[in-house]
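Residues per chain are reported as follows:
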Amino acid sequence: MHDKPSTWTVIQRFRPRVGSIQLSALTALYLVVFTNQTFWGKINLYLAAYPLAVATLYLAISCLFFGLVTMFSVKYLTKPFFIVLVVVAGVSSWFTDRFGVVIDSDMVRNAFETTPAEAGHLLTPAFAWHLALYVLLPVVAIIWVRIVHHPFGHKLMRNSVAITVSFLVFGIAGFSHSKTFVTAIRQHKDLVKTLNPITPLSGTMKYLMQTGAEQEIVVAPLGTDATVRPAIDGIRKPRVTVIVAGETARAANFALGGYGRDTNPELARRDIVYFAHTTSCGTATATSIPCMFSNLTRSSYSHRKSLENENLVDVLSHAGIQVEWWDNNTGSKGVADRIRYVDLATSTDPRFCRLGECQDAIFFDKLDAWLDNVDKDSVLVLHQLGSHGPTYYLRYPEDYRRFTPDCRTAELGDCLDSEILNAYDNTILYTDHVLSVIIDKLAAHSQKLAGAMLYMSDHGESLGENGLYLHGTPYLFAPDTQTHVPFLTWMDPDFAASFGVDRACLTQRARADAYSHDNLFHSVLGMMNVSTSVYDPQLDVFAACKRTEASSATRPIEKRST
């Protein structure tokens, strides 16, 4: 009598057997066909006049992927490695195909530095279905099959032949239309960046290598010679600047810059100066915030350099100015590591907060109390939640839901572009209110304080133009909507007089001249009458409009030869 086979034995009989090379081919084909829709969409668009080149490229990329995957089809490594490829490619394809996002090292940094609430908004039902189809099913299939491994010598020979042939075909196919491919890559810098999972994997490796190297960084002091020169025109009261670091506000949707909708009704009634032509240092918070507060220009900036050196808030502290950072976003990205830091993003005030995030009115009560207690020159940085997507509708209260119908979900694919635009414009309308309230609070304290506010957004946003959504596109080919940002300032008469700025001159130059994040560091030093060797008047937006006596008060002391 034969024993009845166990359930596991029965299950094992139904597991298909497949060779490692065959599984490599299937995995490569899956990656090429199902997780690279954006890449092939661009290829078919850019090379529409060259159908033979397109067909050849399908063959070339398939062979390239097959050769790369086969290199890792080693016993005990095959399944784990293939699963990692599928997971990375499946997750990345959602953001690339749905939003046009490029998963490079900067985007990987953003992902690692995000908050649970921000990440949670991306975990939508549609995303879950995508993961089920493009990640779970292929992963289960990889786990399910039984791989037939040949003896090591035989396997080495077979794999070597397969890899060599695949790379040879890739090379011949690529060379056969090399002129067409090279021209396309040169003209369309975004093309290679969308190849999945090559870009996400290389971006992750680059980020991890950078992070490991950054652990040994020792911050170098900056501007330790900083001092505050006396205010001019007999101003004796404490001077206060509130810097509002905006989030995801694009200049294209600011009425102050000519946008057709009235998104800035309150600021338009206040005596502000709007710098119409301002560009950002990056297209994501993790780059722009440390860059705009550093003394580095965009051309010389790197994340490592920003960590190696102190920044604007440190120089202000060296000068004896009281400096604080209040955050309603994902942190200061290292900028506020050496000053007082207040995290408001985790507040639970039911008036402003829900779903683990707070609207920017969370600043108001605390700002009143802070202003009441200022007794010396001070700078306060408010880091907004602003217009961060995709849940634009959570960024503003019902009273500021003026543009309708507005997109009321994180599933942007379920909304018309016009509804997404309406929701985004409501966030700008609410930011207009927040900035106006800050101005009013400073003005209400004008008997005791000389007050100013400076607002600059960290980056812009894509709202469906050319198939792009959100932000984070590599700067090299980022659209203007992600790099053209709003920048404005307000100051009461005493503050303007205290550093001798001519308002009429400033307004005229703000309309005509081009500015960038490069200007923030030096402009704030100029506003606060800080004298230091690291101050550059050429990058101070106010310097050209200061009276002579004010300019000399903020000019760095030059060493004279004896």
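As the structure is a prediction and not an experimental result, all values here were calculated from the model. (Residues numbered from 1 in each chain as written. Predicted model: local features only at pLDDT ≥ 70, side-chain atom pairs only at ≥ 80, totals over all residues. Heavy atoms only, no water.)

## Here's the deal with the state of the cysteines
So, point 1. If you walk through the whole model with that rule in mind, you get four disulfides.
So, point 2. Two residues share a disulfide in this structure: C353 and C358, whose sulfurs sit 2.0 Å from each other. Disulfide C353-C358: the torsion about the S-S bond is 105°, which places it as right-handed.
So, point 3. Paired through a disulfide, C505 and C545 show a sulfur-sulfur distance of 2.0 Å. Around the S-S axis, the bridge from C505 to C545 shows a dihedral of about -70° and counts as left-handed. Of the two residues, C505 is situated in helix α20 (residues 503-512) and C545 in the loop between β17 (530-531) and α22 (548-554); the sequence distance between them amounts to 40 residues.
So, point 4. Given the relative accessible area of 21%, C505 is considered partly exposed.
So, point 5. Assigning the bonded cysteines of the protein chain consecutive numbers by sequence position, one obtains the connectivity 1-2, 3-4, 5-6, 7-8. (Disulfide = S-S within 2.5 Å. Helix = DSSP H or I, 4+ residues; strand = E, 2+ residues; numbered from the N terminus. Buried < 20%, exposed > 50% of the residue type's maximum accessible area, 1.4 Å probe, protein only.)

## Section: the side chain of R250
So, point 1. Relative to the assigned elements, R250 resides in the loop between β4 (239-246) and β5 (272-274).
So, point 2. Here N253 takes part through its side chain, which lies 2.5 Å from a polar atom of the side chain of R250.
So, point 3. With near-sequence residues (within four places) excluded, R250 lies in contact with Y424, G460, E461, S462, L463, E465, T481, H484 and P486. (Polar contact = N/O pair within 3.5 Å; in protein donor to acceptor, adjacent residues only side chain to side chain. Contact = heavy atoms within 4.5 Å.)

## A short note on a nonpolar patch on the surface
So, point 1. Taken together, the side chains of L68, M71, F72, V74, L77 and I198 make up a nonpolar region of the molecular surface, amounting to roughly 450 Å² of accessible area.
So, point 2. Tracing the backbone through its elements, the reader meets M71 in the loop between α4 (51-70) and α5 (78-99).
So, point 3. The partly exposed category is assigned to M71, whose relative accessible area is 44%. (Patch = residues over 30% accessible without salt bridge, like charges linked within 9 Å, V, L, I, M, F, W, Y side chains within 5 Å. Areas by Shrake-Rupley, 256 points an atom, 1.4 Å probe, with all protein chains shown as cover. Salt bridge = Lys/Arg side-chain N within 4 Å of Asp/Glu carboxyl O.)

## Regarding the nonpolar core
So, point 1. Core analysis: the largest hydrophobic core is formed by 64 residues, its most contacted members being W326, I438, M453 and L488.
So, point 2. The dominant element in this core, judged by the number of residues it contributes, is helix α17 (residues 417-444), at twelve residues.
So, point 3. The contacts of L488, once residues within four sequence positions are left out, are F254, L256, L267, I272, V273, Y274, F275, L435, M453, L454 and Y455.
So, point 4. The next biggest cluster of nonpolar side chains, apart from the first, holds 50 residues, and it includes A245, V273, F521 and M527. (Core = buried A, V, L, I, M, F, W, Y, C linked by side-chain atoms within 4.5 Å.)

## A word on the confidence of the model for the protein chain
So, point 1. For the protein chain, the average pLDDT comes to 91, and 95% of its residues sit at 70 or higher.
So, point 2. Of the regions scoring below 50 in pLDDT, residues 550-562 engages in 21 contacts with residues more than four places distant in sequence or in other chains. (pLDDT = per-residue confidence, 0-100.)

## A short note on the pairing of strand β11 (residues 378-383)
Remark: a regular strand shows side chains that alternate across the two faces of the sheet.
So, point 1. Burial of β11 is extensive: six of the six residues sit out of reach of the surface.
So, point 2. Burial along β11 is two-sided: S378, L380 and L382 facing one way and V379, V381 and H383 facing the other are all buried.
So, point 3. Note that β4 and β11 share six bridges and pair parallel. Counterpart to V244 in the pairing with β11 is L382.
So, point 4. With six bridges joining them, strand β7 (residues 322-327) and β11 adopt parallel strand pairing. What sits directly across from D327, in β11, is H383. (Pairing = 2+ DSSP bridges.)

## What about the packing of aromatic side chains?
In this description, a pair of aromatic rings is defined by centroid distance and the angle of the planes.
So, point 1. Scanning the model with the defined rule gives 20 aromatic pairs in all.
So, point 2. Geometrically, the ring pair formed by W40 and Y58 is stacked, given 3.8 Å between the ring centres and 10° between the ring planes. Here the residue W40 occupies a position in helix α3 (residues 37-46), and Y58 occupies one in helix α4, the gap between them amounting to 18 residues.
So, point 3. On the basis of relative accessible area, W40 is assigned to the buried category, the value being 6%.
So, point 4. Judged by centre distance (5.5 Å) and plane angle (90°), the rings of F499 and F542 are edge-to-face. In this pair, F499 sits in the loop between α19 (493-498) and α20 while F542 sits in the loop between β17 and α22, placing the two residues 43 residues apart along the sequence. (Phe/Tyr/Trp six-rings, centres within 6.5 Å; stacked < 30°, edge-to-face > 60°.)

## Examining the packing of helix α2 (residues 20-34) against α4
So, point 1. Axis separation between α2 and α4 bottoms out at 8 Å; the angle between their running directions is 135°. The angle between the axes of α2 and α4 places the two elements in the oblique class. Pair α2 / α4 crosses with right-handed handedness. Contacts between α2 and α4 involve I21, S24, A25, A28, L31 and V32 from the former and I61, S62, F65, F66, V69 and T70 from the latter. (Axes fitted to C-alpha atoms, helices over the stretch in contact; angles between N-to-C directions. Parallel < 35°, antiparallel > 145°, perpendicular 65-115°, else oblique. Left-handed = near helix turned anticlockwise from the far one by under 90°.)

## Details of the pairing of β7
So, point 1. Of all six residues in β7, five are buried; the element is thus mostly enclosed.
So, point 2. Here β7 runs beside strand β8 (residues 340-343); their pairing, made up of four bridges, is parallel. The partner of W326 across the bridge, within β8, is V342.

## Quick look at the environment of H177
So, point 1. Topologically, H177 is positioned in the loop between α9 (152-176) and α10 (178-187).
So, point 2. Along the chain, H177 and F352 lie 175 residues apart, while their C-alpha atoms are 58 Å from each other.
So, point 3. Beyond its immediate stretch of four places on either side in the chain, H177 contacts L52, A53 and T56.
So, point 4. Side chain to side chain, H177 and T56 meet in a polar contact 3.5 Å long.

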